[in-house]
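# A structural walkthrough
What follows is the residue order along each chain.
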Amino acid sequence: MENIIEQWVASARRHTNVNDLQVGVDISPYPQIKIAFDGYAEDDDEVEDLNMESYAVYIHKHAADQLALYFHRTTAHALGNSA
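Residues numbered from 1 in each chain as written. Predicted model: local features only at pLDDT ≥ 70, side-chain atom pairs only at ≥ 80, totals over all residues. Heavy atoms only, no water.

### Thoughts on the nonpolar core
Membership of the largest hydrophobic core is limited to nine residues, which are W8, V9, A12, L21, I27, I33, I35, F37 and Y55. Mapped onto this core, the elements with two or more residues apiece are α1 (2–14) and β1 (33–42). Residues in contact with L21, not counting those within four places in the same chain, are T16, I27, F37, E53 and Y55. (Core = buried A, V, L, I, M, F, W, Y, C linked by side-chain atoms within 4.5 Å. Buried < 20%, exposed > 50% of the residue type's maximum accessible area, 1.4 Å probe, protein only. Helix = DSSP H or I, 4+ residues; strand = E, 2+ residues; numbered from the N terminus. Contact = heavy atoms within 4.5 Å.)

Here it is, written out as structure tokens:
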């Protein structure tokens with residue numbers, strides 16, 4: 001599973017301007033999946049390491065259903081499905 005998610009992120013990076021990544025902005029080319037830049041890793045001195053990007057990947061619960069509509073709502077703690 002990890003390799004598949006890495007492939008999705010790599011595809012998303014190919015379809016966006018990686019020099020202008022913004023935290024929380026969806027860069028996914030797939031409507032069923034949200035891929036958002038989550039910032040950079042920090043080294044032992046708590047300094048951002050610009051070579052280590054972090055991404056959050058959200059997979060819609062009806063992603064396998066080709067006819068599903070992808071509406072989302074946010075809560076205080078998560079992204080939720082309104083369907």
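Read on for the rest.
### Quick notes on the side chain of S11
Structurally, S11 can be placed in helix α1. Take S11: its relative accessible area is 6%, and that puts it in the buried class. A polar contact of 3.1 Å, which involves the side chain of S11, links it to the side chain of Y30. Excluding anything up to four places from it in sequence, S11 contacts P29 and Y30. (Polar contact = N/O pair within 3.5 Å; in protein donor to acceptor, adjacent residues only side chain to side chain.)

### A look at the environment of F37
Here F37 shows up in strand β1. Taking the C-alpha atoms as reference, F37 lies 9.7 Å from R13; in sequence the two are 24 residues apart.

### Quick notes on the packing of aromatic side chains
Inspection of every chain in the model, using the stated rule, returns two aromatic pairs. An angle of 70° between the planes, with centres 5.1 Å apart, marks the rings of F37 and Y40 as edge-to-face. Judged by its relative accessible area of 4%, F37 falls in the buried class. In this structure an aromatic cluster arises from ring pairing among F37, Y40 and Y55. (Phe/Tyr/Trp six-rings, centres within 6.5 Å; stacked < 30°, edge-to-face > 60°.)

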